Amino acid sequence: MISLSATAQEHFRKLIEQQALPGLGIRLRAIEAGTPRGDCQLEFSEPSDRDGSEWEVECEGYSLFVDAESVPFLDGATIDYDKSTTGGQLTIRAPALRGAVPSEDASVVERVRYVIESEINPQLASHGGRVSLREVTADGVVVLQFGGGCHGCGMVDATLRGGVERTLKQRIPEVTGVADATDHASGTNPYMRREAAARG
């Protein structure tokens, strides 16, 4: 089941009313579901777009339609809309979207890779950055390679210790620390140049 907050339902209802098309609804689908790149897509849904296989969530004055193949990945999702003076923020949380969480008896490498792809990289993506796993040493040190905007960034040490290391240690007890194997001097498009970070 998908649950929509009252503010999310109101937000969608206003959008639909602006279109003034009979039977218009909202379509929700999963993109690249079951992979670390899984995401959600929202769009208008006209009656002629539907084939009857969709999962229908009735809201006040309209319906949300979920593509049949997306249902296993979006079951249990929540949709919320946070109003603000500058507009608002729509948030979709879908625990199954990127596939099953590794079990407790999965290898440390599997669990580290899952946390990197499901939690850490989505945060780094806001700065155009990413991180990939090189190895996990025998004593629990996670060796990482930074890329994109993190490659050569002057704030990478703060990101490594304050964000990545803290998150991995919280999620995976076997992790004892993190190490950066990136040659930052070769970074061509850092989010923040190292000289600027040093001045700041």
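The structure this text deals with has already been given above.
All of the points below concern the structure found in this document. (Residues numbered from 1 in each chain as written. Predicted model: local features only at pLDDT ≥ 70, side-chain atom pairs only at ≥ 80, totals over all residues. Heavy atoms only, no water.)

**Considering the packing of helix α3 (residues 108-124) against helix α4 (residues 156-171)**
The N-to-C vectors of α3 and α4 enclose an angle of 145°; their axes lie 10 Å apart at closest approach. Note that α3 runs across α4; the crossing there is right-handed. For the pair α3 and α4, the contacting residues are V112, V115, E119, I120 and L124 in the first and T159, V164, T167, L168 and R171 in the second. By residue class, the composition of the contact of α3 with α4 is six nonpolar, two polar and two charged. (Axes fitted to C-alpha atoms, helices over the stretch in contact; angles between N-to-C directions. Helix = DSSP H or I, 4+ residues; strand = E, 2+ residues; numbered from the N terminus. Left-handed = near helix turned anticlockwise from the far one by under 90°. Contact = heavy atoms within 4.5 Å. Nonpolar A, V, L, I, M, F, W, Y, C, P; charged D, E, K, R; others polar.)

**Remarks on the sheet that holds strand β9 (residues 141-148)**
Pairing in this open sheet of three strands is mixed, and the strands run β8-β9-β10 from one edge to the other. Whereas interior strands pair on both sides, the edge strands pair on one side only; in this sheet they are β8 (129-136) and β10 (177-180). This sheet shows a mean twist of 35° between the axes of neighbouring strands, independent of strand direction. Along the sheet, α3 makes contact with β8 and β9, crossing β8 at roughly 165°. Contacts from α4 reach β9 and β10 within the one sheet, and its direction differs from that of β10 by about 145°. (Pairing = 2+ DSSP bridges.)

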